[in-house]
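# Tertiary structure, described
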Number of protein chains: 2
Amino acid sequence: MDSSNMNQQHHHPQSCLDIAMEVHRVVPPPHETTVQKLKTTLKETFFPDDPLRQFKGQPAKRKWILAAQYLFPILQWGPDYTLNLFKSDVVSGLTIASLAIPQGISYAKLANLPPIVGLYSSFVPPLVYAVLGSSRDLAVGPVSIASLILGSMLRQEVSPVNDPLLFLQLAFTTTFFAGFFQASLGFLRLGFIIDFLSKATLIGFMAGAAIIVSLQQLKALLGITHFTKKMGLVPVLSSVFHNTKEWSWQTILMGFCFLVFLLVARHVSIKKPKLFWVSAGAPLVSVILSTLLVFAFKAQNHGISIIGKLQEGLNPPSLNMLQFHGSHLGLTIKTGLVTGIISLTEGIAVGRTFAALKNYKVDGNKEMMAIGLMNMVGSSTSCYITTGAFSRSAVNHNAGAKTAVSNIVMSVTVMVTLLFLMPLFQYTPNVVLGAIIISAVVGLIDIPAACQIWKVDKFDFIVMLCAFFGVIFISVQGGLGIAVGISIFKILLQVTRPKTVMLGNIPGTDIFRDLHHYKESMKIPGFLILSIESPINFANSTYLNERVLRWIEECEAEDQKKQSSLRFVIFEMSAVSGIDTSGVSFFKEVRKMIEKKGAELVLVNPLGEVMEKLQKSDESGELMRPDCMFLTVGEAVATLSATIKVQPSTGVV
Amino acid sequence: MDSSNMNQQHHHPQSCLDIAMEVHRVVPPPHETTVQKLKTTLKETFFPDDPLRQFKGQPAKRKWILAAQYLFPILQWGPDYTLNLFKSDVVSGLTIASLAIPQGISYAKLANLPPIVGLYSSFVPPLVYAVLGSSRDLAVGPVSIASLILGSMLRQEVSPVNDPLLFLQLAFTTTFFAGFFQASLGFLRLGFIIDFLSKATLIGFMAGAAIIVSLQQLKALLGITHFTKKMGLVPVLSSVFHNTKEWSWQTILMGFCFLVFLLVARHVSIKKPKLFWVSAGAPLVSVILSTLLVFAFKAQNHGISIIGKLQEGLNPPSLNMLQFHGSHLGLTIKTGLVTGIISLTEGIAVGRTFAALKNYKVDGNKEMMAIGLMNMVGSSTSCYITTGAFSRSAVNHNAGAKTAVSNIVMSVTVMVTLLFLMPLFQYTPNVVLGAIIISAVVGLIDIPAACQIWKVDKFDFIVMLCAFFGVIFISVQGGLGIAVGISIFKILLQVTRPKTVMLGNIPGTDIFRDLHHYKESMKIPGFLILSIESPINFANSTYLNERVLRWIEECEAEDQKKQSSLRFVIFEMSAVSGIDTSGVSFFKEVRKMIEKKGAELVLVNPLGEVMEKLQKSDESGELMRPDCMFLTVGEAVATLSATIKVQPSTGVV
């Protein structure tokens, strides 16, 4: 816009003075009291989505309805529910039920819990979620990673074999704490904490966990009875190869066949999403087929281990099993925290993914409260930790789920199973459950995403590798902790080392851009124009001080060659979104240092908060002299050039 | 510069098209390989001051000289040393020696060490520093806070009364580790770690430590024999008032008189800096006077406790006393880390303060190596941890110190004392040492600075209070840890909640500024111009997604009232200095979301790194379409307005 004018103007140096008269002054921001500022900050920090927006200006009755709908999203979509929607939901609900039943049994075993607890956990929580949750696609139930972590962390103190009742009590107590933490995070609007698990961390973590989970299945797949209790790659492999005598060829054959069947089914559904029912139905088919096989050949007598007798009936209450005292309290709280955050991350991520696909919105904090309450209710009805499972939610979505009613349908199906069909599972071989778990977790290893990360951001790739190898070689929590620690360290490092860029004029315009990036841009002799690209605070003010000094010395050296001297140091401050007391000292020190060198410090476009703080600390008014502040770099250079009567040949107008 | 042209142009809407033709394109940054980028990043992170700058283009011999001067700054100023400089240094050296001798004895007692160790520590380390250090004003020796922390942390495991030899061994070992950590931080160029102790933290911490140190002196000042071993405010006060029977009026009278004398002397020197020698000489005068008093009246028999017999002679070697194994290794490492970082912070801060006053430069990382080596040497010559002391350095500066020779003079004076004058201290009463410590640490309570912080930044004030009350009520390390934790939490919170600002056009210009700040600026119908003021990464991409959605919805609502619709969402990206893979996903998701709303995403001035990453991840080329990228907001709005044939009345040219 300005380029053509600039060109025209280039030949009229006298207009310089006119311009200097019309320069736009930097004005202080509108006054706000400390309380107002605090309110704004708190609102932006904790209520960035402004959840009460819709309440504004509504009559009282409408407000009550909106509040009820806010708390129970079922009231939002319930009244408009139609038979057509119901048809879709029944199909998808039955589909995920056929997946949930075998997976529920398998994951409970992964958590060292009785298989029936997995089915209990597929009955109550989905019902709670259907009332409270805002995602239409989330299929709720036990998930592999949370099950794995729960089982492995609790096993550190209590043996599930020697003391199964205590183990179960701790599992329920952990579930309660997990739910409590989840609901609290949502209620206290601290949902951003899960954002610290970056995508790269999660991809590495999930892949590592998938391998750890798969390795654990070698026990079932090979029919080994004396298996290590450790989770790492090394102890598991050594345990496998030190017990080769226990390998049972019948088990291996059966496991291999069903694993191939399940993986092929999965592959088919990936290639043709319309055939989602192939992979969705495969686990149930495997369970039925293998159970029939065992029953027909009495294979349990030939080295194939089976689930055994399962209790019939619905979830017994378990409120009396929660233990809020005793020596294991610390363990349950810690495990609750870790599993709670991990399962929350999975649930929220899955909810957001499908909400984005269907273009509706999932409120993170509300979702956390829903998942948290679901687990708190679950912990008192014999359920262990549940969340929205990625694989089942994908099947749910592909099967055409329209609302949370599909969860209700699944829940009812599980209920029927619990009431009447439990005896049928007696002969189900453990090896098939292992195969089901492996075929489910294989999908967590996302190699294309890893390649993409390598391509885009090498540092993220390193974070991913740390999470991956940390999980495999150290521990599930350890790997996660390392990856999160590195990610945070990177952020802190970025904060301590903000970018400063020297700007130059793009000839024929009043645009100033990075000299290094825009090769045609030119440095203006006598001026050093630096763009500071970060808030200035205690962590970086020392660095910035040193860096600016170096810029000035380099600039002086260059200017000397051209026989001019540095007259103005201009800070382009558009990107300095905040400062603290150290930042204020930085400006004072830099100004002194620049003045000692015979130059002047000029600020361009300081933002509201920065101006205010500088003003407050600047008793002498030296730092904020109005003639040392400009709205754009162009205006600053034009005005200041006029004052030093720079030759028209320097490239500046 | 452009304002006048804009005004002229306002009446020629046809020029719009001309301009659109001349718009400046965004160009990709010059290509750099991953290795080059890594090199640049590492250099900016670890060598921001480019210490090898002066070596460039020098002949080999000169390089050797420069390198020697770099390692031993004494070679820089030594050759030019003159008699005049020496005169100044002798005066200042004797002055700080008169302060260092009583303070050395006092601080050693504060650290629960034999008083003579304080004198040893004022002899060897200053000599080492004079050779290696680059500050001309630093007066090296034991300091109050590091002594306090060393004493209190080691006392947790070993009693200095029951097991004095082991305690001494641990103190030397701690000093070695402290020195090792300090030197390593400098050598590994990790000096920025001490920047995390912000000014606000330090002010609160020092004030709290001053109070804790003063409280400890109540033992000496009141003549209590059974004193608590805890450091907190509550246990000390309760110990004081539960032992009122032990109070000795002779001690209290003597302590009160000398304390008033010392504080008055201090006050005089503050009011008239020329009378620096009043406060500098006061401690030695107090020691001499009180010793004479005790000797004359045999006051040691009347309830006044005295230092007792001190060994004569120079520092014995203590290399054999360092313990790198055994059960206390963890404690010494931890204490070394804490005291090392604390004393480093004091030393560097003091060095920088006086360097800024005299306009020379102190290289932080080099200084760390100097202080670290000094402590490592000290630990093998019976010295405990030392650094540049604030109070003594100020006296040094006021007394006219010109070079590190004043440290040598002080050291020689201490040596003479050690060799010949030790018997004179036998009758020095402990109460005077307590008074000397109190009068020294009172200066650490900086109330004007606290008021200034309150005025400028309320959050920093809270951090300061946390450090202060944490030190008083929890523990010295605890208070420091809390304050640093809160400061880092604030940075992380700022990173998770970056500012987004809606920009409007300042009428008659092509300048776009914050609508809220510049009241005259106007929103352009059909455009939503957002300035994102932070790097986009995993910690904030979810938030930004939500916040941008809310901006868009608010903008749509407003546009609807004016019967126009949102056509373009412009991101001003000048302040987005970096992105990671989550940031890339953010752009993809936002673009989809905006397109679903029938609008288009336009990027303005994406920086080099951001452009590169977006390009790499953008196989379809949709995100980086050249016609959706502009160099300035003004050009973007002008060009895009032309394409939607916006009415001239909208205020945009």
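This is a predicted model, so every value here is computed, not measured.

## Remarks on the relation of the copies chain B and chain A
- Once chain B is rotated about the relating axis by 180° and shifted along it by 0.0 Å, it coincides with chain A to within an RMSD of 0.1 Å. Each copy turns onto its partner about a two-fold axis. In terms of C-alpha distance to the rotation axis, chain B has Ala575(B) as its closest residue, with the C-alpha 2.4 Å off the axis.
- In this assembly, 99% of the residues forming the interface of chain B have copies in chain A that are likewise at the interface, indicating an isologous arrangement.

## Here we look at the nonpolar core
- Judged by nonpolar contacts, the single largest core of 353 residues is most densely connected at Ala209(A), Ile570(A), Ala209(B) and Ile570(B).
- Residues within four places of Ala209(B) in sequence aside, it is in contact with Ile145(B), Leu148(B), Leu444(B), Val471(B) and Val476(B).

## So, the UniProt feature "domain: STAS" (unreviewed entry) in chain A
- Cross-referencing UniProt, the feature "domain: STAS" (unreviewed entry) maps to residues 517–640 of chain A in the present numbering.
- The distance from the first to the last C-alpha atom of residues 517–640 of chain A is 25 Å, and the span holds 44% helix and 15% strand.

## A short note on the pairing of strand β6 (residues 568–572) of chain A
Residues and elements named next belong to chain A.
- β6 sits mainly inside the fold: five of its five residues count as buried.
- Here β6 shows no split at all, with Phe568, Ile570 and Glu572 on one side and Val569 and Phe571 on the other all buried.
- Bridge count for strand β5 (residues 527–532) against β6 is five bridges, and the pairing is parallel. The residue of β6 that forms the bridge with Leu528 is Val569.

## Digging into the confidence of the model for chain A
Residue and element names in this part refer to chain A.
- Taken as a whole, chain A shows an average pLDDT of 85; of its residues, 95% reach a score of 70 or greater.
- Every residue in residues 1–21 scores below 50 in pLDDT, and together they form 46 contacts with partners more than four places removed in sequence or on other chains.
- Taken together, the stretch residues 646–653 has pLDDT below 50 and engages in 20 contacts with residues farther than four places along the chain or on a different chain.
- At the level of chain-chain contacts, confidence expressed as ipTM amounts to 0.81, with global pTM at 0.80.

## A few points about the UniProt feature "transmembrane region" (unreviewed entry) in chain A
- Those places that UniProt annotates as "transmembrane region" (unreviewed entry) correspond, in this numbering, to residues 166–188, 200–227, 247–264, 276–297, 403–425, 431–449 and 461–489 of chain A.
- For residues 200–227 of chain A, helix accounts for 82% and strand for 0%, while the C-alpha atoms at its two ends are 32 Å apart.

## Focus on the pairing of strand β3 (residues 500–505) of chain B
Residue and element names in this part refer to chain B.
- Counting buried positions along β3 gives five out of six residues, so the element sits mostly inside the fold.
- Of the strand pairs in this sheet, β3 and strand β5 (residues 527–532) are connected by three bridges, and their pairing is antiparallel. From the neighbouring strand, Met502 faces β5, where its bridge partner is Leu530.
- Sheet analysis places β3 next to strand β4 (residues 512–514), joined by three bridges and oriented antiparallel. Across the sheet, the residue bridging to Leu503 is Asp514, located in β4.
- The hairpin formed by β3 and β4 contains six residues between the paired strands, and Gly508 there has a positive phi angle of roughly 80°.

## A look at the interface of chain B and chain A
- Of the residues lining the interface, 83 residues belong to chain B; the matching set on chain A comes to 82 residues.
- The residue makeup of the side of chain B that touches chain A, split by class, is 28 nonpolar, 29 polar and 26 charged.

## Some words on the packing of helix α11 (residues 199–222) of chain B against helix α19 (residues 430–441) of chain B
All names here are of chain B.
- At their nearest, the axes of α11 and α19 sit 8 Å apart, and the two run at 165° to each other. As judged from the angle between their axes, α11 and α19 are roughly antiparallel. Here the hand of the crossing between α11 and α19 comes out left-handed. Contacts between α11 and α19 involve Ala210, Val213, Ser214, Gln217, Ala220 and Leu221 on the former and, on the latter, Asn430, Val431, Leu433, Gly434, Ala435, Ile437, Ile438 and Val441.
- Its residues placed into classes, the contact of α11 with α19 shows 10 nonpolar, four polar and no charged.

## Regarding the sheet that holds β3(B)
All names here are of chain B.
- What the six strands build is an open sheet, ordered β4-β3-β5-β6-β7-β8; its pairing is mixed. The open sheet terminates on both sides in strands that have one partner only, identified here as β4 and β8 (629–630).
- One ladder, built from two bridges, connects strand β7 (residues 600–604) with β8; its direction is parallel. Paired with Val604 across the strands is Phe630, a residue of β8.

## Here's the deal with the sheet that holds β5(A)
Residues and elements named next belong to chain A.
- Strand order in this open sheet of six strands is β4-β3-β5-β6-β7-β8, and the pairing throughout is mixed. Bordering the open sheet on either side are β4 (512–514) and β8 (629–630), each of which pairs with just one other strand.
- Sitting on the sheet, helix α23 (residues 541–561) is in contact with β3 (500–505), β5 and β6, with an inclination near 150° to β5.

Rules behind the numbers
- Residues numbered from 1 in each chain as written.
- Chains lettered and ligands numbered in written order.
- Predicted model: local features only at pLDDT ≥ 70, side-chain atom pairs only at ≥ 80, totals over all residues.
- Least-squares fit on C-alpha atoms with pLDDT ≥ 70 in both.
- Contact = placed C-beta atoms within 7 Å.
- Core = buried A, V, L, I, M, F, W, Y, C linked by C-beta atoms within 7 Å.
- Buried ≥ 20, exposed ≤ 12 C-beta atoms within 10 Å, placed from the backbone.
- UniProt positions renumbered as here; feature names shortened; annotations may be inferred.
- Helix = DSSP H or I, 4+ residues; strand = E, 2+ residues; numbered from the N terminus.
- Pairing = 2+ DSSP bridges.
- pLDDT = per-residue confidence, 0-100.
- Nonpolar A, V, L, I, M, F, W, Y, C, P; charged D, E, K, R; others polar.
- Axes fitted to C-alpha atoms, helices over the stretch in contact; angles between N-to-C directions.
- Parallel < 35°, antiparallel > 145°, perpendicular 65-115°, else oblique.
- Left-handed = near helix turned anticlockwise from the far one by under 90°.

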